[in-house]
Amino acid sequence: MSHPLRIGIIFSGRGSNMKALLDHIQAKPDTYTLANLICNKPQAIGISVAKAQGFNTTIIDHTRFDTKTDFETEISNELSSANVDIICLAGFMRILSAEFVRKWDGRIINIHPSLLPAYKGLNTHQRAIDDGAQWHGCTVHYVVADMDAGEIITQTRVQVKKDDTAETLAERVLNVEHKTFCDGLDLAAIAYRENKRTKE
Ligand code: GRF
């Protein structure tokens, strides 16, 4: 039996996806172990959510760094020293540089609140409503240098209702994000182990 994969999670805000991943990791101790939990915002609600579950968060406040490169170097060092296998971006609201992404190529996954390739970027729910889209949802994908453009791992569809506002739609999408992210991690973990085996 191979060792549990070491998972790093990076978040910026309320951390509901981060919590779903923590629950998933705790429920599968033979498959996963939490290597590192990183947040770039010292006031993020998710920090106390993690604490309540017994996990400390490493705070790497991007405003403390002169350059993005310095900020990312600090994150990279944290991840490397924790021997991270797979990195989950769980509502991490900074765009990572091409250099960072290359360094961790094929090992970073992200959850995005739309059915990619539709609605990359922000305000996805309002844009779907404005377009009269019938279907919306969320996507777990690999992170590449181009924003929200990496290979899709899994998606869940949510039907847009006639009277939906951005808020009601966001809430229904968030409800399915949590399971989708855990499923996406499971698929990425299988691919990661396969890939490692092929290289060895
Ligand atoms: C989620 O909607 C996620 O798809 C997006 O940012 C939001 C984060 O929410 N990337 P939470 O912090 O996980 O609750």
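Up top is the structure these notes are about.
Model, not experiment: these values are computed from the prediction.

What counts, and where the lines are drawn
- Residues numbered from 1 in each chain as written.
- Predicted model: local features only at pLDDT ≥ 70, side-chain atom pairs only at ≥ 80, totals over all residues.
- Heavy atoms only, no water.
- Helix = DSSP H or I, 4+ residues; strand = E, 2+ residues; numbered from the N terminus.
- Expected span 1.5 Å × (residues − 1).
- Buried < 20%, exposed > 50% of the residue type's maximum accessible area, 1.4 Å probe, protein only.
- Contact = heavy atoms within 4.5 Å.
- Axes fitted to C-alpha atoms, helices over the stretch in contact; angles between N-to-C directions.
- Parallel < 35°, antiparallel > 145°, perpendicular 65-115°, else oblique.
- Left-handed = near helix turned anticlockwise from the far one by under 90°.
- Nonpolar A, V, L, I, M, F, W, Y, C, P; charged D, E, K, R; others polar.
- Core = buried A, V, L, I, M, F, W, Y, C linked by side-chain atoms within 4.5 Å.
- Pairing = 2+ DSSP bridges.

Novice: Let's hear about helix H1 (residues 16-27): which residues, and what values?
Specialist: Between its first and last C-alpha atoms H1 spans 17 Å; for twelve residues at 1.5 Å apiece the expected length is 16 Å, and the two agree. Regarding H1, the residues found buried are Asn17, Met18, Ala20, Leu21, Leu22, His24 and Ile25. Buried residues in H1 make contact with strand E1 (5-11), strand E2 (32-39), helix H2 (45-52), strand E4 (86-89), strand E5 (108-112) and helix H6 (166-199).

Novice: Account for the packing of H1 against H2, with residues named and values stated.
Specialist: Running from N to C, H1 and H2 point in directions that differ by 20 degrees, and their axes come no closer than 9 Å. Overall, the two elements H1 and H2 adopt an arrangement that is roughly parallel. Two packed elements cross with a definite hand, and for H1 against H2 that hand is right-handed. Where H1 approaches H2, its residues Met18, Lys19 and Leu22 are matched on the opposing element by Gly46, Val49 and Ala50. Considered class by class, the residues forming the contact of H1 with H2 number four nonpolar, one polar and one charged.

Novice: Can you tell me about the nonpolar core, naming the residues and giving the values?
Specialist: Most often, soluble globular proteins keep nonpolar side chains buried together rather than apart. Within the largest apolar cluster, 36 residues are counted, with the highest numbers of intra-cluster contacts made by Ile7, Ile9 and Ile109. The greatest single-element share of this core, amounting to eight residues, is contributed by H6. Ignoring anything within four residues of it in the chain, the contact list for Ile9 reads Met18, Leu21, Leu22, Ile25, Leu34, Asn36, Leu37, Ile38, Cys88 and Ala90.

Novice: How would you summarise the pairing of E1 if you had to cite specific residues and measurements?
Specialist: Taking burial as the measure, the seven residues of E1 include six buried ones, the bulk of the element. With seven bridges joining them, E1 and E2 adopt parallel strand pairing. Bridge pairing in E2 links Arg6 to Thr33. Relative to E4, E1 is paired through four bridges, and the arrangement is parallel. Looking across to E4, one finds that Ile9 is bridged to Cys88.

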